[in-house]
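Tertiary structure, described
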Amino acid sequence: MIIDFHTHCFPDKLAPRALEVLCQTAWYSEHFPCTNGTVAGTAACIAAAGIDRAVVCNIATNAHQQFNVNSFAISIAERHGTLIPLGSLHPNGENKRAELERLRAAGIRGIKIHPDYVHFDIDCPDFDEVFSLCAEMGIFVITHAGLDPVSPNHIHATPRKIANVLHRHPGLKMVAAHMGGLCCADDVLESLVGQDIYFDTSLSSIRSDEHDILLRILHEHRPDRLLFGTDTPWSFSREELKFVYGAGLSPDLTEQILWRNATQLLGL
């Protein structure tokens, strides 16, 4: 069993334009995206890599998108067994509690946020209502962590800022994508390793300059708080799997990363 905890797709009509816009800032590789951005394309991509199920990280990049983004997530939950959608909340979105209740009624157990796209630091007060509601309702939050090309001059979710959130919201279940912080591996070791926070492994295969530190994070962080992820369509699934399989981990920890921790968090 392999569960990819970090993928993206879009409604069929929006997918071509969404990928076009995102590719304008994506500096990960000239070869991406590796799917057409649709639900079917994403499902086919993970299946070709031998991945059984994948979490779809939907993002409300402005307050007006929140309802429609969550409706798209619910539509995936209703019609697709392989893909596991997450909803999203925007700091300025209306009816946050009602939206979380709507998601939970559809069997959706988590949301995705992207501080760089909404232009709020993750530890600023604007996010407090989102985190408080999620902690109260038992809904986990996955956040982009570290550098993002859409905001090259300011990192809105540094490891230290994420640590501030954990301190203020001790009951919150949070996943920090990209091993706790893209291009911030040293700070992850200092500020987040060992704390009660999940990391996903997405984009690790492209971080050759941080490779040794990423291995330290895998070996030193809590084994029950590590999740396999790819960030499809912005990485190749097989390369991300090679990173995990080549990390020198025990078979038990490898299984925890590839599926067991995910099943517990997702309630599968």
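Up top you'll find the structure we're talking about.
All figures in this text were calculated on a predicted structure; none of them were measured in a lab. (Residues numbered from 1 in each chain as written. Predicted model: local features only at pLDDT ≥ 70, side-chain atom pairs only at ≥ 80, totals over all residues. Heavy atoms only, no water.)

**Thoughts on the sheet that holds strand β1 (residues 3-7)**
Paired through their backbone hydrogen bonds, the strands of a sheet run either parallel or antiparallel. The 3 strands lie next to each other as β1-β2-β3, forming an open sheet whose pairing is parallel. A single partner strand is all that each edge strand has here, and the edge strands are β1 and β3 (83-86). Across the sheet, the mean angle separating the axes of adjacent strands is 20° when strand polarity is ignored. Pairing analysis gives 4 bridges linking strand β2 (residues 53-57) to β3, with the strands arranged parallel. Along β3, the bridge assignment pairs C57 with L86. (Pairing = 2+ DSSP bridges. Helix = DSSP H or I, 4+ residues; strand = E, 2+ residues; numbered from the N terminus. Axes fitted to C-alpha atoms, helices over the stretch in contact; angles between N-to-C directions.)

**A short note on the pairing of strand β5 (residues 140-143)**
Burial of β5 is two-sided: the residues F140 and I142 facing one way and the residues V141 and T143 facing the other way are all buried. Inspection of the sheet shows strand β4 (residues 110-113) paired to β5 by 4 bridges, in the parallel sense. The residue of β5 that forms the bridge with I113 is T143. Here β5 pairs with strand β6 (residues 174-176) via 3 bridges, running parallel. Across the sheet, the residue bridging to T143 is A176, located in β6. Assessed by its sense of winding, the connection that carries the chain from β5 through helix α7 (residues 159-168) to β6 is right-handed. (Buried < 20%, exposed > 50% of the residue type's maximum accessible area, 1.4 Å probe, protein only. Right-handed = clockwise from strand over helix to strand, strands pointing away.)

**Some words on the packing of aromatic side chains**
Counted according to the given criterion, the structure contains 3 aromatic pairs. When the centroid spacing of 5.8 Å and the interplanar angle of 45° are considered together, the rings of F5 and F140 count as tilted. Within this pair, whereas F5 is found in strand β1, its partner F140 is found in strand β5, the two being separated by 135 residues in sequence. The exposure classification of F5 matches that of F140, with both residues buried. Ring geometry for F127 against F131: centres 5.5 Å apart, planes inclined by 15°, an arrangement best described as stacked. Put simply, the rings of F120, F127 and F131 touch in pairs and so form one group of aromatic residues. Here the basic side chain of R102 rests over the ring of F67, its NZ or CZ set 4.0 Å away from the ring centre. (Phe/Tyr/Trp six-rings, centres within 6.5 Å; stacked < 30°, edge-to-face > 60°. Lys NZ or Arg CZ within 6 Å of the ring centre and 35° of its normal.)

**Some thoughts on the environment of R97**
Topologically, R97 is positioned in helix α4 (residues 96-105). Exposure remark for R97: the relative accessible area of 36% places this residue in the partly exposed category. Filtering out sequence-adjacent residues up to four positions away, R97 remains in contact with L133, E136 and M137. (Contact = heavy atoms within 4.5 Å.)

**Considerations on the layout of surface pockets**
What the largest pocket holds in volume is close to 740 Å³. As for the largest pocket, its lining consists of 29 residues, and the residues nearest its centre are F10, A18, L22, I59 and T61. Of all the secondary structure elements, the ones that give two or more residues to the lining of the largest pocket are α1 (15-23) and α3 (66-79). Residues belonging to the lining of the largest pocket are distributed by class as follows: 16 nonpolar, 10 polar and 3 charged. (1 Å grid on protein atoms, 1.4 Å probe; cavity = no way out; pocket = protein on both sides within 12 Å on 5 of 7 lines; lining within 4 Å. Points joined across faces, edges and corners; volume = space filled by probe spheres on them. Nonpolar A, V, L, I, M, F, W, Y, C, P; charged D, E, K, R; others polar.)

**Some words on the packing of helix α10 (residues 237-245) against helix α11 (residues 251-266)**
For the pair α10 and α11, interaxial distance at closest approach is 10 Å and the crossing angle is 150°. In terms of orientation, α10 lies roughly antiparallel with respect to α11. In this structure, α10 contributes L241, V244 and Y245 to the contact, and α11 contributes T254, I257 and L258. (Parallel < 35°, antiparallel > 145°, perpendicular 65-115°, else oblique.)

**Some details on unusual backbone geometry**
Following T232, the chain continues into P233 via a peptide bond in cis, with omega recorded as 15°. In this structure, P233 sits in the loop between β8 (226-227) and α10. In this structure, H119 takes a positive phi of about 65° despite not being glycine. By the secondary structure assignment, H119 is in the loop between α5 (115-118) and α6 (128-137).

**Focus: α10**
Among all positions of α10, only S237, E240, L241, F243 and V244 are buried. Angularly, the buried residues of α10 cover 155° about the axis, an arc narrow enough to put them on a single face. Turned more than 90 degrees away from the buried face of α10, the exposed residues are R238, K242 and Y245. Tucked into the core, α10 has its buried residues touching α2 (39-48), α9 (211-220) and α11. (Arc of directions from axis to C-beta.)

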